[in-house]
Amino acid sequence: MSAKSSKSKNLSQEEEALLQDYSRDLSTKSSALFYGNAAIVSAVPIWLFWKIHQMEPTNNYIYFILGTLFTAYLISFAYKNVKFVLKHKIFQNLDNVFPNEKEKKNEDRSLKKKNEIAEYEATTYSIFYNNSLFLFILLVASFVIFKNFTPLFNYFLSMSIASGLLALFSTSK
């Protein structure tokens, strides 16, 4: 334990910032963005089940809340996993865009710029990809696979399978 703490004390603030850029931890801004988007996307099926499957929201609001919270958590988990993988791929592809420079000052600036670009692109693509996949799986499950089930079971099974498969697919590389 003491060897580990002495290693972390030897790291400079720049090195800690660099390690933070490559960790799986999300910034507060990214977490808020992911949880907000996940809540919106997981609430969209409420309209589908209300208007098409005739599930009255006033009678089923507790099921809608529980389903939305459960799927929002799994969708945000998928956002985080996909972003982590994509960020490193995008960062590596940006080496061609920003050639390495000899000066330390310009190199640090170049690394920060590449990291910002990779962060932004990975975040937006992760949200787009996961939202598209979630809604596609949900529609197929709801209208094809579970079309003969009661609306309540259709809702729970479709939402659970769509968000569960999304979280599962996000763990592969």
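## Notes on the nonpolar core
Grouped together as the largest cluster of nonpolar side chains are 20 residues, with contacts concentrated most on Phe49, Ile75, Tyr79, Phe134, Tyr155 and Leu166. When contributions to this core are tallied by element, the ones reaching two or more residues are helix 3 (28–51), helix 4 (57–93), helix 5 (104–145) and helix 6 (151–170). The next biggest cluster of nonpolar side chains, apart from the first, holds 6 residues, and it includes Val82, Ile90, Phe91 and Ala118.

## Focus on the packing of aromatic side chains
Enumeration according to the criterion identifies 7 aromatic pairs in this entry. Between the aromatic rings of Phe64 and Tyr155, the centroid separation amounts to 5.1 Å while the plane-to-plane angle is 80°, which identifies the pairing as edge-to-face. With Phe64 in helix 4 and Tyr155 in helix 6, the pair connects residues that are 91 residues apart, well separated along the chain. A residue is classified by how much of its surface remains accessible, and Phe64, at 3% relative accessible area, is buried. Classification of Tyr155 as buried rests on a relative accessible area of 0%. An angle of 15° between the planes, with centres 6.1 Å apart, marks the rings of Tyr125 and Tyr129 as stacked. In this pair, Tyr125 and Tyr129 both sit in helix 5, 4 residues apart, roughly one turn of the helix. The class of Tyr129 is partly exposed, set by a relative accessible area of 34%. What links up through ring pairs into an aromatic cluster is the set Phe49, Tyr63, Phe64, Tyr155 and Phe156.

## A few points about a nonpolar patch on the surface
Together, Trp47, Trp50, Ile52, Phe136, Leu139, Val140, Phe143, Val144 and Ile145 make up a nonpolar patch on the protein surface, roughly 860 Å² of accessible area in all. Counting residues per element, the nonpolar patch draws most heavily on helix 5, at 6 residues. Residue placement: Trp47 occurs in helix 3.

## Section: the side chain of Asn154
Inspection of the secondary structure assignment puts Asn154 in helix 6. Taking the relative accessible area as the measure of exposure, Asn154 reaches 1% and is therefore buried. With residues up to four places along the chain from it excluded, the contact list for Asn154 reads Phe49, His53, Ala141, Ser142, Phe146, Lys147 and Phe149.

## Comments concerning the confidence of the model for the protein chain
Residue-level pLDDT values for the protein chain average 79, and 75% of them are 70 or greater. Between the elements of the protein chain, mean pLDDT differs from a low of 51, seen in helix 1 (residues 2–10), to a high of 92, seen in helix 6. Every residue in residues 1–6 is under pLDDT 50, and counting partners more than four places away or in other chains gives 0 contacts.

## Notes on helix 3
Helix length check: helix 3 (24 residues) gives 36 Å between terminal C-alpha atoms against 34 Å at 1.5 Å per residue, within 8%. Where helix 3 is concerned, the buried positions are Ser30, Phe34, Ala38, Val41, Ser42, Pro45, Leu48 and Phe49.

## Structural notes on helix 6
Helix length check: helix 6, at 20 residues, gives a terminal C-alpha distance of 28 Å against a target of 28 Å (1.5 Å per residue), a fit within 8%. Every buried residue of helix 6 is listed here: Asn154, Tyr155, Ser158, Met159, Ala162, Ser163, Leu166, Ala167 and Ser170.

## Regarding the side chain of Asn130
Residue placement: Asn130 occurs in helix 5. Beyond its immediate stretch of four places on either side in the chain, Asn130 contacts Ala78, Tyr79, Val82 and Leu166.

What counts and how
Residues numbered from 1 in each chain as written. Predicted model: local features only at pLDDT ≥ 70, side-chain atom pairs only at ≥ 80, totals over all residues. Heavy atoms only, no water. Core = buried A, V, L, I, M, F, W, Y, C linked by side-chain atoms within 4.5 Å. Buried < 20%, exposed > 50% of the residue type's maximum accessible area, 1.4 Å probe, protein only. Helix = DSSP H or I, 4+ residues; strand = E, 2+ residues; numbered from the N terminus. Phe/Tyr/Trp six-rings, centres within 6.5 Å; stacked < 30°, edge-to-face > 60°. Patch = residues over 30% accessible without salt bridge, like charges linked within 9 Å, V, L, I, M, F, W, Y side chains within 5 Å. Areas by Shrake-Rupley, 256 points an atom, 1.4 Å probe, with all protein chains shown as cover. Salt bridge = Lys/Arg side-chain N within 4 Å of Asp/Glu carboxyl O. Contact = heavy atoms within 4.5 Å. pLDDT = per-residue confidence, 0-100. Expected span 1.5 Å × (residues − 1).

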